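Commentary on secondary and tertiary structure
Residue-level listing of the chains:
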Amino acid sequence: MAKKHQVYINNVRIYCCNTCHSHLISQDNIISRAFQGRHGPAYFVDHIVNITIGAKEERMLMTGMHTVADISCTICQTKLGWKYLHAFESNQKYKENKCILERAKISKEVFWD
Ligand SMILES: [Zn+2]
């Protein structure tokens, strides 16, 4: 298998994969910090780099039925959360094409220049 090259984010505050430290999001991508993942607190974000999107499935969540797909780190394959592909309830539509990132799976890194 070809080795994957990661994308680097040019931002002072970024969040990385806890396992391999690949860049995932910059602080500006976080829409809400008040979401719940499968393993505890999670971030709701609009864009992530270096992730692989898994098979889509319909999942019943606390806020109703959604079509989601698990997302994992492209580099180390750790599961990081999921992506909302479709929301069945109209008041949940804002989640479509956005992602949940489990806080336990990521770490914040601050770069000074
Ligand atoms: Zn990783």
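Since this is a predicted model, take the numbers as computed values, not measurements. (Residues numbered from 1 in each chain as written. Predicted model: local features only at pLDDT ≥ 70, side-chain atom pairs only at ≥ 80, totals over all residues. Heavy atoms only, no water.)

1. Concerning the environment of aspartate 70
Rules: By the criteria applied, helices consist of DSSP H or I runs no shorter than four residues and strands consist of E runs no shorter than two, each listed in order from the N terminus. Any residue under 20% of the maximum accessible area for its type is buried, any over 50% is exposed, and the rest in between are partly exposed; the area is computed with a 1.4 Å probe on protein chains only. Any pair of nitrogen or oxygen atoms within 3.5 Å is treated as a polar contact; in protein, a donor-acceptor pairing is required on top of that, and neighbouring residues in sequence qualify only through side-chain atoms on both sides.
In this structure, aspartate 70 sits in strand 6 (residues 64–73). Under the relative-accessibility criterion, aspartate 70 is labelled buried at 12%. Between the C-alpha atoms of aspartate 70 and alanine 55, which are 15 residues apart in sequence, the distance is 7.1 Å. Among the polar contacts made by the side chain of aspartate 70, one reaches the side chain of lysine 79 at a distance of 3.4 Å.

2. With respect to the UniProt feature "domain: Yippee" (unreviewed entry) in the protein
Quick note on the threshold: UniProt positions are given in the numbering used here, feature names are shortened, and annotations may be inferred rather than shown by experiment.
The positions that UniProt labels "domain: Yippee" (unreviewed entry) are, in the present scheme, residues 13–110. Taken end to end, residues 13–110 is 0% helix and 63% strand, and its two terminal C-alpha atoms sit 5 Å from one another.

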